[in-house]
Amino acid sequence: MTRARILGVGRYLPERRVTNFDLGKMFETSDEWIQQRTGIVERRFAEEGVYCSDLALEASRDALKNAGMKAEDVDFIIFATLSPDHHFPGSGCYLQAKMGLSGIGCMDIRNQCTGFLYGLAVADSFVRLGMYKRILVIGAEVHSSALNFTNEGRDVAVLFGDGAGAVIVGPSEDPSRGILSTHLHADGRYADILRLEIWDISKKPYITPETLEQGRIWPKMQGKEVFKMAVTKIPEVIEEALQANNLGIEDIDLFLPHQANLRINQFAAARLGVPEEKFYSNIQRYGNTTAGSIPIALSEVLEQGALREGNLIIMVAFGSGFTWAASVIRW
Ligand code: ACO
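Residues numbered from 1 in each chain as written. Predicted model: local features only at pLDDT ≥ 70, side-chain atom pairs only at ≥ 80, totals over all residues. Heavy atoms only, no water.

A. Seen up close, the overall build of the chain. In terms of helices and strands, the chain carries 11 helices and 13 strands. A compact globule built from 331 residues should have a C-alpha radius of gyration of about 20 Å, and the chain, at 19 Å, falls within 12% of that. With the principal axes as the frame, the chain shows a C-alpha extent of 55 × 50 × 40 Å. Across the 331 residues in the chain, those meeting the buried criterion constitute 54%. Of the contacts formed within the chain by residues at least 6 apart in sequence, a portion of 77% connects residues at least 24 apart. (Helix = DSSP H or I, 4+ residues; strand = E, 2+ residues; numbered from the N terminus. Rg over C-alpha atoms; globule rule 2.2 N^0.38 Å. Buried < 20%, exposed > 50% of the residue type's maximum accessible area, 1.4 Å probe, protein only. Contact = heavy atoms within 4.5 Å.)

Given below as structure tokens:
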């Protein structure tokens, strides 16, 4: 079976920088509190009127440019986001129209922080089966419209930022290079620990004035529970991915973890005995961009020339659901 490979990578971050000091003007917090617990210094926020599919469009153009391809070369779109333009249709359809690609298939993935890796796994399977040859996989978020910038929402509001990353997945001409395996997990018993409820479809009507009054339009998180589970599941799924490929931890050249909290990644690296510098981090500059974080990180690493042909990388994520996943790639 043909192996699938990432042929091009791109990213887009909105220009507007929002520092911890800026947030401190909106609610009671401090640069020290945020940096100490999360590592975040600043994040980017999209301007009013900008959709998730707009950020995705910019990241997709960058990925196509880096792959030396044109939009018309794309034959399928997979769009991972938890902040879609509207409830339906999926943001993949909006992006497809913006790219002028009417007719090709589009699929949205609603798997939060692991959405990109779930999308990559689907793209990998489609390419290996020979269904498609140039799949655009995007992770993009506009979080800034759905954060509660008051004392009540500050635990969540300080964590997130807007941004998009995109990759093109296609057949690998060299069978030793490409996506070696992906490992996907979820445990829905923890679904309510980190969620954005907004509506309750069992109620008629499903949104009422109380929805707004009770603040159900804002994300709610039990931060300590997320932290505890993340530092357990990230090393676990990395071990699983290593075992599946008969690899040792020392064989991996670079880890590209989802950027939820610098402390989570430091804990996970320490548990695995991996030097911190092998665990890429850019959360200091962007905060948590959920589905966008891994392709954004990959795009930066490539730009820095930190990844060479033949290098082994592991991408890993944990997030709401709970969901967690890892992907092993020989670059
Ligand atoms: N600024 C200042 N003080 C704050 C803030 C803030 N932004 N937020 C909460 N506090 C206060 C609390 O009110 C509390 O005050 P109290 O002691 O007077 O009651 C105090 O700080 C400690 O609050 P905790 O919630 O116990 O703080 P904790 O040490 O657990 O840190 C944090 C909170 C940073 C959110 C941490 O739990 C965490 O990072 N968890 C993981 C979260 C995460 O990664 N989420 C996203 C992953 S999933 C995904 O990416 C979708």
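B. Just the site of the ligand, in detail. Around the ligand lies a shell of 22 residues, among which T29, C113, K224, N261 and N288 are the nearest. Contact between the ligand and W33: an oxygen atom at 3.3 Å from a side-chain N or O atom of the residue. At 2.5 Å, a side-chain N or O of N261 approaches an oxygen atom of the ligand. Alone, the ligand offers 1,000 Å² of accessible surface; in the complex the protein occludes 72% of this. Breaking the shell around the ligand down by element, the ones donating at least two residues are α2 (31-38), α6 (154-157) and α8 (223-244). Looking at which element gives the most residues to the shell around the ligand, the answer is α8, with four residues. (Near = heavy atom within 4 Å. Polar contact = N/O pair within 3.5 Å; in protein donor to acceptor, adjacent residues only side chain to side chain. Areas by Shrake-Rupley, 256 points an atom, 1.4 Å probe, with all protein chains shown as cover.)

C. Layout of the environment of F267. Relative to the elements of secondary structure, F267 occurs in helix α9 (residues 262-272). In sequence terms F267 and V231 are 36 residues apart; their C-alpha atoms lie 6.3 Å from each other.

D. Looking closely at the packing of aromatic side chains. Tallied over the full model, the rule gives 10 aromatic pairs. With a centroid separation of 5.4 Å and an interplanar angle of 80°, the aromatic rings of F76 and F126 are classed as edge-to-face. Residue F76 is located in strand β4 (residues 76-80), and its partner F126 is located in helix α5 (residues 115-129); the two are separated by 50 residues in the primary sequence. A single burial state applies to F76 and to F126, both of which are buried. With 5.1 Å between their ring centres and 15° between their planes, Y190 and F322 make a pair best called stacked. One end of the pair, Y190, is in the loop between β8 (178-186) and β9 (194-195); the other, F322, is in the loop between β12 (312-319) and β13 (323-330), and 132 residues separate them in sequence. With relative accessibility at 26%, the residue Y190 sits in the partly exposed group. On the basis of relative accessible area, F322 is assigned to the buried category, the value being 1%. Taken together, the ring pairs in this structure connect Y190, F318, F322 and W324 into an aromatic cluster. (Phe/Tyr/Trp six-rings, centres within 6.5 Å; stacked < 30°, edge-to-face > 60°.)

E. A look at the nonpolar core. I234, I238, F279, I314 and F318 are the most contacted members of the largest nonpolar core, which has 44 residues in total. In terms of residue count, α8 provides more of this core than any other element does, nine residues in total. Among all residues touching F279, those that are not within four sequence positions of it are I238, F255, P257, N265, A268, A269, L272 and V274. Within the second largest apolar cluster, 34 residues are counted, among which are L120, V137, A317 and A325. (Core = buried A, V, L, I, M, F, W, Y, C linked by side-chain atoms within 4.5 Å.)

F. Inspection of the sheet that holds β13 at higher detail. If you walk across this open sheet you meet the four strands as β8-β13-β12-β11, and the pairing is mixed. Lying at the two open borders of the sheet, with one neighbouring strand each, are β8 and β11 (254-257). Across this sheet, the average inter-strand angle for adjacent strands is 15°, counted without regard to direction. Against the sheet, α5 touches β8, β12 and β13, its axis set at about 130° to β8. Its contacts with the sheet put helix α11 (residues 293-303) on β11 and β12, and the angle it makes with β11 is roughly 145°. (Pairing = 2+ DSSP bridges. Axes fitted to C-alpha atoms, helices over the stretch in contact; angles between N-to-C directions.)

G. Spatial organisation of α8. Across its 22 residues, α8 extends 31 Å between first and last C-alpha, which sits within 8% of the 32 Å expected from 1.5 Å per residue. Turning to α8, its buried residues number three or more, namely V226, M229, A230, V231, K233, I234, P235, V237, I238, A241 and L242. Looking at the residues trailing α8, positive phi occurs at N246, about 55°. (Expected span 1.5 Å × (residues − 1).)

H. Summary view of the packing of α8 against α9. At their nearest, the axes of α8 and α9 sit 9 Å apart, and the two run at 45° to each other. Overall, the two elements α8 and α9 adopt an arrangement that is oblique. As for the relative orientation of α8 and α9, their crossing is right-handed in sense. Taken together, the residues of α9 that come into contact with α8 (itself represented by F227, A230, V231, T232, I234, P235, I238 and E239) are R263, I264, N265, F267, A268, R271 and L272. Residues belonging to the contact of α8 with α9 are distributed by class as follows: 10 nonpolar, two polar and three charged. (Parallel < 35°, antiparallel > 145°, perpendicular 65-115°, else oblique. Left-handed = near helix turned anticlockwise from the far one by under 90°. Nonpolar A, V, L, I, M, F, W, Y, C, P; charged D, E, K, R; others polar.)

Read these as layout, nothing more, since geometry by itself doesn't imply function.
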